[in-house]
Amino acid sequence: MTLKVDEAVQGAWTVVRIEGELDLATSSLVREKVHEAVAAGRRELVLDLSNVLFVDSSGVGVLIAARRLLRSCGGRLRLVLPARGAVDGSHVNRVLAALGVRRLFDVYADADAAAGDEARPLSA
């Protein structure tokens, strides 16, 4: 499966929507988009992972690297990981929780919530 990445601006936030499988073969595209956004001076970034069907360790590594990059330049990163009706939520949410890194991220149910001024993250 291929990875589709697009972006939009919502207020002060740049929302990067990712669709498909975030793995070794595709994670470099997400890394490039994050670096391009930061290079363009955008420091408030939402990664919308609601349509990511699969993530592997390289994909998780890109998420952690994006967090590190944005923190180093005084920016903020928020993730969208909606529950898909299952008790334990989306695949990405389950993988991040299993690896013990879910708590590193501010997670929201949708892009509107993540880009909102009064946004409150979901609990880990």
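As shown above, the structure is provided for reference.
Our subject in this report is the structure included herewith. All values reported here derive from a predicted model rather than from experimental measurement.

## Here we look at the environment of Ser27
Okay, step 1: Among the structural elements, Ser27 can be located in helix α1 (residues 27-39).
Okay, step 2: Judged by relative accessible area, Ser27 falls into the buried class, the value being 5%.
Okay, step 3: When the C-alpha positions of Ser27 and Val55 are compared, they lie 9.2 Å apart, and in sequence the two are 28 residues distant.

## Considering the side chain of Glu44
Okay, step 1: Mapped onto the elements of the fold, Glu44 is located in strand β3 (residues 44-55).
Okay, step 2: A polar atom in the side chain of Glu44 sits 2.7 Å from the side chain of Arg76.
Okay, step 3: Filtering out sequence-adjacent residues up to four positions away, Glu44 remains in contact with Ala12, Trp13, Thr14 and Arg76.

## Re the sheet that holds strand β1 (residues 4-10)
Okay, step 1: What the five strands build is an open sheet, ordered β1-β2-β3-β4-β5; its pairing is mixed. The sheet terminates laterally at β1 and β5 (106-108), the two strands that pair on one side only. In this sheet, neighbouring strand axes are inclined to one another by 25° on average, regardless of whether the strands run parallel or antiparallel.
Okay, step 2: Relative to β3, strand β2 (residues 13-22) is paired through eight bridges, and the arrangement is parallel. Each residue of the ladder has a partner; that of Gly20, found in β3, is Val52.
Okay, step 3: The strands touched by α1 within the sheet are β1, β2 and β3, with β1 carrying the most contacts at an inclination of about 25°.

## Focus: helix α2 (residues 57-72)
Okay, step 1: With 16 residues, α2 should reach 22 Å at 1.5 Å per residue; the first-to-last C-alpha distance of 22 Å fits that figure.
Okay, step 2: Those residues of α2 that fall on the buried side of the exposure criterion are Ser58, Gly59, Val60, Val62, Leu63, Ala66 and Leu70.
Okay, step 3: The inward-facing, buried residues of α2 abut β2, α1, β3, β4 (76-80) and α3 (91-99).
Okay, step 4: Gly74 lies just past α2 and shows a positive phi near 75°.

## A word on the environment of Val55
Okay, step 1: Topologically, Val55 is positioned in strand β3.
Okay, step 2: Val55 gets classed as buried once you look at its relative accessible area, which sits at 4%.
Okay, step 3: Linking Val55 and Leu22, residues 33 residues apart in sequence, is a C-alpha distance of 4.7 Å.
Okay, step 4: Not counting the four nearest positions on each side in its chain, Val55 is found in contact with Leu22, Val60, His91, Val92 and Val95.

Calculation rules
Residues numbered from 1 in each chain as written. Predicted model: local features only at pLDDT ≥ 70, side-chain atom pairs only at ≥ 80, totals over all residues. Heavy atoms only, no water. Helix = DSSP H or I, 4+ residues; strand = E, 2+ residues; numbered from the N terminus. Buried < 20%, exposed > 50% of the residue type's maximum accessible area, 1.4 Å probe, protein only. Polar contact = N/O pair within 3.5 Å; in protein donor to acceptor, adjacent residues only side chain to side chain. Contact = heavy atoms within 4.5 Å. Pairing = 2+ DSSP bridges. Axes fitted to C-alpha atoms, helices over the stretch in contact; angles between N-to-C directions. Expected span 1.5 Å × (residues − 1).

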